[in-house]
Amino acid sequence: MLKFRTLIATALMALLMVPGLAMAKDFTIGLILVGPYNDKGYSQAQYEGGQYVEKHMDGAKLIFLDKVNPADRPGLTIPQIVDDLVEKGADLIIAGSDDMKDGILEAAMMHPDKTFVHVSGDSTLTGTAPENLGNLFSRMEYSKMMAGFTAAMTSQTGKIGVVGPLINEETRRLMGAAYLGAKYAWTEVRGKDPKDLTFNVKWIGFWFNIPGVTADPAQVAGSLYDSGYDVLISGIDTPEVVTVAKQRREAGKTIWALPYDYEKACEGQGEVCLGVPYFNWGPPMLELAQQVKAGTYEPAFVLKSPYWADINSHEKSPIGFMPGEGMTPEVKAELDKFIAKLGDGSLNLFTGPLNYQDGTPFLKAGETATDKQIWYMQQLLEGMKGLSSPK
């Protein structure tokens with residue numbers, strides 16, 4: 001028996017020495033989510049991105065902690081969470097929200113042997129990031145332009161409302177992009193006077209509702225509908241805007257909504273839902289994990305562009321726009337033309353002259369915005385209503 005066991009052990013060792021037959025080393029991704037992993041919005045899109053990596057990369061394992069925000073987990077810090085993820089074997093730690101910027105920076109410095117990526121954030125741009133911390137985001141501005149375009153093509157009143165989260169550079173540029181898409185549809189496609197277009201942003205104060213802390217997004221949405229806005233665009237992580245729209249539609253109002261973040265956000269909402277701009281985190285997270293595992297990842301500021309041949313490709317496009325039941329064939333046809341122009345570069349809506357809300361120049365006549373100018377937008381754009389900075 002001893003001789004037989006020795007022979008088996010020798011044979012196994014020989015197999016492991018054969019190139020390509022060695023067992024793949026496990027690779028663990030630690031994901032930190034700002035909201036619930038099943039929020040039908042931003043956090044669920046990231047969670048499913050991690051699941052995509054598990055499915056498509058040998059040895060990949062996802063561990064995560066959701067609801068990482070001051071309301072759900074008061075007193076819990078990002079470095080504390082990272083310590084736990086590292087103890088559980090995380091090789092790559094991904095922080096999913098802009099408000100985790102300071103915490104993930106501190107945690108990366110505490111664990112120089114691990115790789116960190118902040119989804120959003122700009123520490124690699126500002127030069128504050130250590131060598132093991134990178135930034136990753138996708139050019140959601142394009143999908144937001146599509147949302148604004150769809151809203152303005154559909155609106156019967158010319159009054160488009162936005163339920164926004166908190167005010168920062170990210171949300172200003174996304175709201176601005178939605179406005180530019182709406183203005184283009186209203187004036188260039190429908191041939192209407194820009195003075196007859198109202199685009200109003202109402203902020204709730206965080207990425208999602210925190211009772212007693214933020215404004216209630218359901219109440220904000222209801223107030224906008226009651227004020228004559230017939231299309232609302234959501235900028236928050238959760239689906240209250242489309243939920244309220246469905247309730248109002250069932251009560252007889254002719255209104256529509258566009259949720260945000262999650263590809264399936266229109267499912268079950270019926271004709272009230274025009275479409276959803278969404279993140280598809282699977283492909284960029286898979287590329288990132290493969291690079292880190294192979295030792296080829298170089299932390300940088302990375303902005304992923306749409307796959308213009310098919311913006312809804314699950315395998316190739318980091319962002320998309322999924323039409324909803326409420327989008328008419330006529331609007332869909334115009335939207336397809338709009339997307340084609342964005343994709344081939346014949347249309348760039350971030351081209352001057354464009355002014356900020358207070359009239360100061362953002363882009364001079366003929367000037368095309370750089371990524372950095374768009375990233376650091378200081379105000380909403382001229383023609384938009386709403387606050388450009390916190391009170």
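The coordinates are above.
In this text the structure is predicted, and so the values were computed from the model without any measurement.

Here is what the cut-offs are and how they apply
- Residues numbered from 1 in each chain as written.
- Predicted model: local features only at pLDDT ≥ 70, side-chain atom pairs only at ≥ 80, totals over all residues.
- Heavy atoms only, no water.
- Phe/Tyr/Trp six-rings, centres within 6.5 Å; stacked < 30°, edge-to-face > 60°.
- Buried < 20%, exposed > 50% of the residue type's maximum accessible area, 1.4 Å probe, protein only.
- Lys NZ or Arg CZ within 6 Å of the ring centre and 35° of its normal.
- Helix = DSSP H or I, 4+ residues; strand = E, 2+ residues; numbered from the N terminus.
- Expected span 1.5 Å × (residues − 1).
- Arc of directions from axis to C-beta.
- Contact = heavy atoms within 4.5 Å.
- Disulfide = S-S within 2.5 Å.
- Salt bridge = Lys/Arg side-chain N within 4 Å of Asp/Glu carboxyl O.
- Pairing = 2+ DSSP bridges.
- Axes fitted to C-alpha atoms, helices over the stretch in contact; angles between N-to-C directions.

Digging into the packing of aromatic side chains
Item 1. Evaluated as defined, the whole model comprises 18 aromatic pairs.
Item 2. Ring geometry for tyrosine 356 versus phenylalanine 362: centroids 5.0 Å apart, planes at 35°, classification tilted. Each member of the pair, tyrosine 356 as well as phenylalanine 362, is classed as buried.
Item 3. Taken together through their ring pairs, the aromatic side chains of Tyr42, Phe137, Tyr260, Phe279, Trp281, Phe301 and Trp375 make up a single cluster.
Item 4. One cation-aromatic arrangement involves lysine 144 over tyrosine 260; the distance from NZ or CZ to the ring centre is 3.6 Å.
Item 5. The ring centre of tryptophan 186 lies 5.4 Å from the NZ or CZ of lysine 192, which sits over that ring.

Here we look at helix α11 (residues 329-344)
Item 1. A rise of 1.5 Å per residue sets the reference length of α11, with its 16 residues, at 22 Å; its end C-alpha atoms lie 23 Å apart and thus fit the reference within 8%.
Item 2. Of all the residues in α11, the buried ones are Val331, Leu335, Phe338, Ile339 and Leu342. The buried residues of α11 occupy an angular sector of 100° when the element is viewed end-on, so they sit on one face. For α11, exposure combined with an orientation more than 90 degrees from the buried face picks out Pro329, Glu330 and Asp344.
Item 3. In this structure, the buried residues of α11 make contact with α6 (140-154), α7 (169-189) and β12 (319-323).
Item 4. Glycine 345 sits one or two residues past α11 and shows a positive phi near 85°.

Quick notes on the state of the cysteines
Item 1. With the rule as written, the count across this model stands at one disulfide.
Item 2. The disulfide that involves cysteine 266 links it to cysteine 273, with 1.9 Å between the sulfurs. Its S-S torsion of approximately -65° makes the covalent link between cysteine 266 and cysteine 273 left-handed. A single burial state applies to cysteine 266 and to cysteine 273, both of which are buried.

Some remarks on the pattern of salt bridges
Item 1. In the structure shown here, the tally under the stated rule is nine salt bridges.
Item 2. For aspartate 122, the salt bridge is made with lysine 101, and the minimal N-O distance between the two is 3.3 Å. Here aspartate 122 is found in the loop between β4 (115-119) and α5 (123-126), whereas its partner lysine 101 is found in helix α4 (residues 101-110), with 21 residues between them in sequence.
Item 3. By relative accessible area, aspartate 122 is classed as buried at 8%.
Item 4. Among the salt bridges present, the one from lysine 337 reaches glutamate 334, with a minimum N-O distance of 3.6 Å. Highlighted residues: lysine 337 and glutamate 334, both in helix α11, separated by three residues, approximately one helical turn.
Item 5. A relative accessible area of 25% places glutamate 334 in the partly exposed class.

Overview of the sheet that holds strand β1 (residues 27-32)
Item 1. Spatially, six strands are ordered β2-β1-β3-β4-β5-β11 in an open sheet, and the strand pairing comes out parallel. Strand pairing shows two members of the sheet lacking a second neighbour, β2 (60-65) and β11 (301-304), which therefore form its edges. The average undirected angle you get between the axes of adjacent strands in this sheet is 20°.
Item 2. The pairing of β1 with strand β3 (residues 92-95) spans four bridges and is classified as parallel. Of the residues in β3, the one forming a bridge with glycine 30 is isoleucine 93.

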